[in-house]
Amino acid sequence: MTPQPEALLRLENIGVRLGGRQILTGVSFMVAPGQFTGLIGPNGAGKTTLLRVILGLTPPTEGRVLLNGSPRPRSGGRLIGYVPQKLAIDQDVPLRARDVVGLGIDGHKFGFPLPSASRRQRITEALQAVGAESYADARIGELSGGEQQRVLIAHALIGQPKLLLLDEPLANLDLKSEQGIVSVLARLAREQRIAVLISAHDMNPLMRETDTVVYVAAGRAAAGRTDEIIRSEVLSALYGSQVDVLHVHGRVLVIAGDEQQEPQAHHPAETGIVVGPGTGRG
Amino acid sequence: MGHFFSYIVEPGLLSSGPVLTALLVGTVVAVTSGVVGVLTVIRGQSFAGHSLADVATTGGAGAFLAGLNQFWGFLLAGVAGAAIMELIGVQRRRGRDVATGVVLGAALGAAALFLYLGTQTSSTTGASFTILFGSMFVISPDTVPALIASGVLALAVVAVLSRVLLLTSLSPELAAARGVPVRAVGIGYLVALAVSVSLSAVVIGAVLSTALLIGPAATALRIAKRPTRAMAAAALIGTAATWLGILLSYDSHYWPPSGHGWPVSFFVVALVVAGYLLSYAWRPGRRARRRRARAEAGAEAAAADREEPACSPA
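Computed from a predicted structure; not experimentally measured. (Residues numbered from 1 in each chain as written. Chains lettered and ligands numbered in written order. Predicted model: local features only at pLDDT ≥ 70, side-chain atom pairs only at ≥ 80, totals over all residues.)

(A) Inspection of the interface of chain A and chain B at higher detail. Contacts between the two partners involve 44 residues from chain A, matched on the other side by 39 residues from chain B. Those elements that provide at least two residues to the side of chain A that touches chain B are α1 (47-55), α2 (97-106) and α4 (145-157) of chain A. In terms of residue count, α2(A) provides more of the side of chain A that touches chain B than any other element does, 4 residues in total. The residue inventory of the side of chain A that touches chain B, partitioned by class, reads 18 nonpolar, 14 polar and 12 charged. (Contact = placed C-beta atoms within 7 Å. Helix = DSSP H or I, 4+ residues; strand = E, 2+ residues; numbered from the N terminus. Nonpolar A, V, L, I, M, F, W, Y, C, P; charged D, E, K, R; others polar.)

(B) Spatial organisation of the sheet that holds strand β1 (residues 9-18) of chain A. Residues and elements named next belong to chain A. Read across the open sheet, the 4 strands follow the order β2-β1-β4-β5; overall the sheet is antiparallel. Lying at the two open borders of the sheet, with one neighbouring strand each, are β2 (21-31) and β5 (70-71). The pairing of strand β4 (residues 62-67) with β5 spans 2 bridges and is classified as antiparallel. The residue bridging Leu66 from the neighbouring strand is Pro71, located in β5. (Pairing = 2+ DSSP bridges.)

(C) Main features of the pairing of strand β9 (residues 212-217) of chain A. Residues and elements named next belong to chain A. Burial runs high along β9: 5 of the 6 residues are buried. Sheet topology note: the strand β3 (residues 36-40)/β9 ladder contains 4 bridges and is parallel. Bridge assignment links Gly38 to a residue of β9, and that residue is Val213. Both β9 and strand β10 (residues 220-225) contribute to a ladder of 6 bridges, which runs antiparallel. Residue pairing in the sheet places Val213 in a bridge with Gly224 of β10. Between β9 and β10, which pair antiparallel in sequence order, lie 2 residues; one of them, Ala218, sits at a positive phi of approximately 50°. (Buried ≥ 20, exposed ≤ 12 C-beta atoms within 10 Å, placed from the backbone.)

(D) Representation of the sheet that holds β3(A) within the structure. All names here are of chain A. Read across the sheet, 6 strands follow the order β6-β7-β8-β3-β9-β10 without closing on themselves; strand pairing throughout is mixed. Taken across any chain shown, the strands that pair with only one partner, and hence form the sheet edges, are β6 (80-83) and β10. Between one strand axis and the next, the sheet turns through 15° on average, direction left out of account. α1 rests against β3, β6, β7 (163-166), β8 (195-200) and β9 of the sheet, and its axis sits at about 145° to β7. (Axes fitted to C-alpha atoms, helices over the stretch in contact; angles between N-to-C directions.)

(E) Highlighting helix α8 (residues 182-204) of chain B. With 23 residues, α8(B) extends 32 Å between its outermost C-alpha atoms, agreeing within 8% with the 33 Å of an ideal straight helix rising 1.5 Å per residue. Just past α8(B), the residue Gly205(B) takes up positive phi, approximately 95°. (Expected span 1.5 Å × (residues − 1).)

Take a look at the structure:
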């Protein structure tokens, strides 16, 4: 890789071995400020592990992660805002959307939060940035999946990160919420120069907005401009077996030409990516 | 216990030493249980509370057999139980309920043995009842400072950890990504829970101790929209139930079978349950209104997607 000074996040030859299993091998890519990158791949390809490596939750067995040119600090610092896929709470938990966003300011600190006007103002601004102000006072558990994602993005945003990491934020969302989330993220990348790295098993909802794609399959990754990567030769090399890329009405279909075909697309009716199980042998 | 029931006039209530002690300790315990209980319900760890209560029963019975103050037995066993739960990973992995259940059966069995042996040697049959179901009127005044100090300690731990605990219960992954030592925080919380359960065991007995922990908290969570308010509400509900329970127990001397008085624990637990049922009468209207509003906003599709299990790549 040629060193580029403007890289916000750079992964160099990352390899991860967990419990005797090689999860990732030789993953290298970079993300520039304000860049909207899709981290695409079938379930089980290693996307979540890759996100955990970037977050510092899983130490890589090989290679290194650079943030702003230096090794990532142990605590993660405030450079990265993380949006988990799902909340682990019940409907009755007495946390309003606004409280969840407030935890983005100081949820990692000990002690009691002190209410203040400026704190309230920051929370409101973060909620407005993701279009969630109308349900600011609703309990988080009572919101829909898409609404919860927006609140979680506001939670990540309030720490003023330079990079937003999102783990499958579109999984289990209806089409309209999907588009809403993607356009909010695209606006943040454009207007606030926040780099966005979003993992998804279906690239189609992201197609219009992503500049670059990191395609993960069989523990390896190919990164580059979307039109450079989503091609039959590149993906075939990645999977280690014949893969076809079809463009149908502006949508992309990735089809494994191997013997057992197991569609993994989330919306079978409007099939995005269809891939066979990772048949690559490393 | 019957001696101060022997002449009862209402004004006598507040001039009775044991009653004053009961009111003081009851308040400390109710406040601690309410605050810790709210976090317990939010974290979905009611089962951990029950487990610690069972283990505390063994500790109390063991202390009785050894001739020690029961509170220290409750506390020691509770904290030890918390340590064991952490070791076998109750908090981290679901599906440890079976192992926990087996251990708890053994703990209660040991409690039965200790109580039997204890009553054989000391011939104080009331002790079993006190350990299992509590008796606020026989709290010895010299343990009061220790009880208050323990309550303050548990509250201090929770106050320091409250934000981190909320973030962790929202999403452990998110908390870890923010640099929160999730495991250490979980241990700190378990210790606060063990202390709270032990305190509650002194007041309403080891077996019933989680009633004061979970009941007021569950009620408060139905009413309050914010964690701090829920904690305050739970503390108030618990205190109200305890005070009223003491009052009713004091008055029940006149109730059949006359001359004995009913146990405080019964009244406290009954009042807690009554409060919880009342909260159901309170909330459904609000619920239905909100549901209607949400349905109009077209949230049905979203509700459906929430039921679908998440597909997270390994």
